[in-house]
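# Secondary and tertiary structure notes
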Amino acid sequence: MKSLSRSEWTLLACIMVYSFIPAVGGLIRVLELAGGPAIAPENPRALSDPFPITLHILTSFLFCIVGALLFLPSIRRHHRATHRAVGRIIVIAGGISAASGLWMTHTYVFPGDLQGNLLYWVRMVLGSLMIGLIVWAVIAIRSRNVFQHSASMLRAYAIGQGASTQAILGIGWIVIVGSEAMGSMRDGLMVFAWGLNLLVAEVLIRRLL
Ligand code: HEM
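Let us look at the structure shown here. (Residues numbered from 1 in each chain as written. Predicted model: local features only at pLDDT ≥ 70, side-chain atom pairs only at ≥ 80, totals over all residues.)

Assigned secondary structure in the chain consists of 9 helices and 0 strands. Mapped in sequence order, the helices and strands of the chain form the string α-α-α-α-α-α-α-α-α. For the chain, the C-alpha radius of gyration of 17 Å lies close to 17 Å, the compact-globule estimate for 209 residues. Across its three principal directions, the C-alpha atoms of the chain cover 50 × 35 × 30 Å. Across the 209 residues in the chain, those meeting the buried criterion constitute 30%. Restricting to contacts in the chain with at least 6 residues of sequence separation, those with at least 24 account for 70%. (Helix = DSSP H or I, 4+ residues; strand = E, 2+ residues; numbered from the N terminus. Rg over C-alpha atoms; globule rule 2.2 N^0.38 Å. Buried ≥ 20, exposed ≤ 12 C-beta atoms within 10 Å, placed from the backbone. Contact = placed C-beta atoms within 7 Å.)

Structural data, given as structure tokens:
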């Protein structure tokens, strides 16, 4: 990693800070489900069906944190074997993260305040799209289409990082309004966060790729 430039270290640090809440909050949940202290807000769905959420948290952690390495130009250019090895892990982790997200969306019993129709359908569509984009990125790189490969991975990453934007918007809402967003307002904020991430991904694709 000696060859990383200053701006790449800065990018990595920004992604780590940005991903901090869902990444660390998720690991705290996994510890709780493994018998540790209950620090995270109560989640009865996780307690009654811990397998998909544990799988989801661990694979999402890999996808968001380790996946950041895939976007560093010097690793892409000078350490191709590392890029390929990390890429394989991330493709599997991202696929399982999205599939377990879909599984929970459909099978967990949510109170209306935490998941209404809008959030249900957006989760189903974006979770499926994330899997499709990862598969498309693999197909593209096998045909040596680097632009399509990078653009698809960036779009999939933007969907995955929706969890971070949702956490930040959720906290911002509490700070401004004084209470947690619930019901259709919460659904709207979650969907808005994904929309924002996808918009940023499109801007980056047009400017940087
Ligand atoms: C790849 C990035 C993602 C990260 C870092 C992430 C993070 C998390 C975390 C930490 C939890 C546990 C929340 C808790 O402990 O209460 C969770 C739950 C969940 N995630 Fe994700 N997630 C990601 C992607 C997705 C996607 C793409 C979907 C949509 C298909 C999704 C749907 C869900 C659902 C339905 C739950 C259960 C929520 C609940 O029971 O309240 N996640 N996610």
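Attention now moves to the packing of helix 6 (residues 117-142) against helix 7 (residues 146-160). Packing of helix 6 against helix 7 brings their axes to within 8 Å, and their N-to-C directions diverge by 155 degrees. Compared by their axis directions, helix 6 and helix 7 come out roughly antiparallel. The two elements helix 6 and helix 7 meet at a crossing, and its hand is left-handed. Contacts from Leu126, Leu129, Met130, Leu133, Ile134, Trp136, Ala137, Ala140 and Ile141 of helix 6 reach helix 7 at Gln148, His149, Ser152, Met153, Arg155, Ala156, Ile159 and Gly160. (Axes fitted to C-alpha atoms, helices over the stretch in contact; angles between N-to-C directions. Parallel < 35°, antiparallel > 145°, perpendicular 65-115°, else oblique. Left-handed = near helix turned anticlockwise from the far one by under 90°.)

For leucine 4, the location among the structural elements is in the segment before helix 1 (6-33). C-beta crowding within 10 Å serves as the criterion here: with 18 such atoms nearby, leucine 4 is assigned to the partly exposed category. Taking the C-alpha atoms as reference, leucine 4 lies 8.7 Å from proline 73; in sequence the two are 69 residues apart. Aside from chain neighbours lying at most four places away, what touches leucine 4 is Trp9, Leu72 and Ser74.

Glancing now at the site of the ligand. With respect to spatial proximity, 29 residues lie near the ligand, and among them Gly26, Ser60, Gly101, Gly127 and Gly160 are the closest. Elements represented by at least two residues in the shell around the ligand include exactly helix 1, helix 2 (44-48), helix 3 (50-65), helix 5 (80-107), helix 6 and helix 7. Partitioned by chemical class, the residues of the shell around the ligand number 16 nonpolar, 10 polar and 3 charged. (Near = placed C-beta within 6 Å. Nonpolar A, V, L, I, M, F, W, Y, C, P; charged D, E, K, R; others polar.)

This paragraph deals with the nonpolar core. Judged by nonpolar contacts, the single largest core of 32 residues is most densely connected at Met130, Ile134, Met153, Ala156 and Ile159. Looking at this core, the elements with two or more residues in it are helix 3, helix 5, helix 6, helix 7 and helix 9 (183-208). No other element matches the 7 residues that helix 7 contributes to this core. Residues in contact with methionine 130, not counting those within four places in the same chain, are Gly94, Ala98, Ala156, Ile159 and Gly160. (Core = buried A, V, L, I, M, F, W, Y, C linked by C-beta atoms within 7 Å.)

Okay, unusual backbone geometry next. Positive phi is not limited to glycine here, since arginine 144 has a value of about 60 degrees. Along the chain, the position of arginine 144 falls in the loop between helix 6 and helix 7.

A word on helix 8 (residues 162-177). Look at helix 8: 22 Å from first C-alpha to last across 16 residues, which is about the 22 Å you get at 1.5 Å a residue. Among the residues making up helix 8, those that are buried are Gly162, Ala163, Ser164, Thr165 and Gln166. If you follow the buried residues of helix 8, they end up packed against helix 1, helix 3, helix 7 and helix 9. Count one or two residues on from helix 8 and you reach glycine 178, which has phi positive near 95 degrees. (Expected span 1.5 Å × (residues − 1).)

Bringing the packing of helix 6 against helix 9 into the picture now. Packing of helix 6 against helix 9 leaves a shortest axis separation of 9 Å and a crossing angle of 25 degrees. Our classification of the angle between helix 6 and helix 9 gives roughly parallel. Crossing of helix 6 over helix 9 shows left-handed handedness. Taken together, the residues of helix 9 that come into contact with helix 6 (itself represented by Leu118, Leu119, Val122 and Leu126) are Asp187, Met190, Val191 and Trp194. Tallied by class, residues from the contact of helix 6 with helix 9 come to 7 nonpolar, no polar and 1 charged.

Scope: geometric values only; no functional claims are made or implied.
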